[in-house]
Amino acid sequence: MIRRVLSFKNSAALWAVFPFFMLGGCSDANSVDSAKPSLPVAETWDWSAYLPMGFPEPFVPADNPMSEAKFQLGRHLFYDKRLSGNGTQACASCHFQHLAFSDGRSKAVGSTGELTARSAQSLVNVAYYASLTWANPALSSLERQAMVPLFVEDVGVEMGVNENNKTQVLARLQEDAYYVQAFPSVFPDYPQAINFDTVVKALAAFQRGLLSVNSKFDRVERGEELFSPTEQRGKQLFYGKAQCVQCHSGFHFSNHSFNANSHRVKRSYHNTGLYNLDGQGAYPEHQQGLIEVMPQKSNMGKFRVPTLRNIALTAPYMHDGSVATLEEVIAHYTAGGREISAGKLAGDGRENPFKDPLLNRIDLTAAEQQDLLAFLHTLTDPTIATNARFSNPFQTETTHLDFTSSKADFYE
Ligand code: HEC
Ligand code: HEC
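Source: prediction; values computed, not measured.

Observations regarding the coordination of the iron atom of ligand 2
In the first shell of the iron atom of ligand 2, the protein supplies H248 (NE2) and Y333 (OH), at 1.9 to 2.1 Å from the metal. For the iron atom of ligand 2, the 6 donor atoms in the first shell make angles of 81 to 180° at the metal, a pattern classed as octahedral. With a gap of 85 residues between them, H248 in the loop between α9 (229-238) and β1 (269-270) and Y333 in helix α10 (residues 326-334) connect regions that are remote in the sequence. Exposure remark for H248: the relative accessible area of 10% places this residue in the buried category.

Section: the packing of aromatic side chains
Throughout the structure, instances matching the rule amount to 24 aromatic pairs. A centroid spacing of 5.5 Å and a plane angle of 70° characterise the contact between W45 and W47, whose relative ring orientation is edge-to-face. Residue classification places W45 among the buried residues on the basis of a relative accessible area of 13%. Here the aromatic cluster, defined as three or more aromatic residues joined through ring pairs, consists of W45, W47, Y50, F71, F78, Y79, F101 and F206. Seen from the ring of Y275, R338 lies directly overhead, with NZ or CZ sitting 4.7 Å from the centre. If you follow R389 out to its NZ or CZ, it ends over the ring of F71, 4.3 Å from the centre.

Some details on the nonpolar core
Nonpolar side chains tend to gather and get buried jointly when the protein is soluble and globular. Of all hydrophobic cores here, the largest spans 58 residues; its most connected members are L73, L77, F78, L83, L173 and F183. Sorting the residues of this core by element identifies α3 (68-78), α4 (142-151), α5 (166-174), α6 (177-186) and α7 (196-208) as the ones contributing at least two each. No other element matches α7, which puts 8 residues into this core. Those residues in contact with F78 that sit more than four places away from it in its chain are A90, C91, A92, H95, F101, L123, L203 and F206. Core analysis: the next-biggest nonpolar cluster, separate from the first, contains 38 residues, L237, I311, V323 and I362 among them.

Description of the coordination of the iron atom of ligand 1
In this structure the iron atom of ligand 1 is ligated by exactly one protein donor, H95 (NE2), at 2.1 Å. Relative to the helices and strands, H95 resides in the loop between α3 and α4.

Some words on the environment of E368
Tracing the chain through its elements places E368 in helix α11 (residues 366-377). The spatial distance from the C-alpha of E368 to the C-alpha of K241 is 10.0 Å, given a sequence separation of 127 residues. With near-sequence residues (within four places) excluded, E368 lies in contact with L237, K241 and D363.

Parameters at a glance
Positions within a chain are numbered from 1, following the residues in the order the chain's sequence is written. Working convention: letters from A go to chains and numbers from 1 go to ligands, in the order in which they are written. The predicted nature of this model means local features are confined to residues of pLDDT at least 70 and side-chain atom pairs, given and counted, to a pLDDT of 80 or more, with totals for whole chains, interfaces and linings taken over all residues. The side-chain values count all of the structure's non-hydrogen atoms but skip hydrogen atoms and water molecules. Water is not part of the atom set, so a site may look incomplete; the donors themselves are N, O and S atoms within 2.8 Å of the metal, or 3.2 Å for Na, K and Ca. Any site counts as irregular unless it has four donors with all angles between 85 and 135 degrees, making it tetrahedral, or four or six donors with opposite ones more than 155 degrees apart and the rest between 65 and 115, making it square planar or octahedral. Here a strand is any run of E in DSSP of at least two residues, a helix any run of H or I of at least four, and the numbering for each starts at the N terminus. Whether a residue is buried, partly exposed or exposed follows from its accessible area with a 1.4 Å probe, protein chains only, as a fraction of its type maximum: under 20%, in between, or over 50%, in that order. For Phe, Tyr and Trp, rings pair up if their centres lie within 6.5 Å, where Trp contributes its six-membered ring, and each pair is then called stacked (planes under 30 degrees apart), edge-to-face (over 60) or tilted (otherwise). We call a charge positioned above a ring when the Lys NZ or Arg CZ atom is no farther than 6 Å from the ring centre and deviates by at most 35 degrees from the ring normal. To form a nonpolar core, buried Ala, Val, Leu, Ile, Met, Phe, Trp, Tyr and Cys residues must be joined to one another through side-chain atoms within 4.5 Å. Only heavy atoms enter the contact rule, under which two residues are in contact if any of them lie within 4.5 Å.

Have a look at this one:
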């Protein structure tokens, strides 16, 4: 069985298992129907077409360079239910465009009906994280991460691809005329181009291109707009008295960010005092964060700092979706943690011994909380939900061969 969480030390073992899946029945992957139009040759990818001043280029692994054709292939795969074991679920089943690629639930539901352990994350600007998911430093690339939803079988099956159905999954892709042309064209170096290695690479390329740079915050930074007085006060709180910037820092609003120019990769994790089940800091099972992969006691309840971009679209909040609204998140910080008075989860998170001491310094009046909320709303990029480049290609295409979306669509 392929497990979600292995100790960080042993994580190499997890990746050693995956190559097993990379091979598959791909006998006629190269049989292209000559009647179909041929695909555009992969052109070079120009980040400056997507990124205004102030946004660094994301890091791209040398063995998976970006191209428009690869991005579009990844986009198709992302929305394709045939990629799950039983054919019922796509990546997009838990990552909806209109919710900035989160799912609006506290826990996601997988292809076999199981609940995931944690809340599905937004994928917008995901290229800028030094490691992925709520708390796993071993998942240091989008290529690696994509294997988790595809293959992992413990603590919540997602796509449910396994030994028994992996050949069938690839066979489904081989039946599609678009894939039969697109895979060999995007991955000419593979003798059998439809395989899980190329699937994962194309998915990663699509996600690297899921960029959000057009929030009100960005427009104000670029001098195109002004904040309202309440937003302006909220900004001052965010970068000052409210301490938020100490962790939600930089253009990515996360201290866990990295890019093509990063020399040092910082991966910091913090406990924000959500739980204290035993009076000694315990978080609930499967919700314990970094300690699940790096078993030092002090890692209890520590999670990666999530970006705050598009935060108004991604409720409910925190790793387990246990905080319903942004008002409640701000109240949580103002209280210096969360006290749960009754039930299985009872305990005073404010007294969690592993809680980041910064939280004790956050003290906001009701009016200040309102201002901070107004500022958080300026981080929403209204183009994300509707940007045609990121949308489901299967809804609009009859042939699956429409490569007409141009880079200009991005700013629509
Ligand atoms: C059943 C729902 C479900 C499906 C299907 C699913 N995901 Fe997710 N996704 C999640 C959950 C839940 C998390 C948080 C995982 C965690 O921290 O344990 C997540 C996290 C992620 C992350 C990490 C984001 C970050 O901020 O670090 C990426 C990237 C991602 N998913 C990509 C994909 C891709 C690619 C696919 C398709 C191959 C996919 N997901 C399919 C539920 C899903
Ligand atoms: C000590 C570091 C730290 C500070 C300071 C901090 N945060 Fe966070 N924030 C985190 C971490 C870590 C999480 C994820 C915690 C979890 O899921 O258990 C988080 C989660 C959030 C979330 C939910 C994100 C999501 O995707 O669910 C919001 C919203 C948020 N913080 C806003 C703020 C605001 C506003 C401030 C200032 C008042 C602030 N944070 C201060 C570390 C911090």
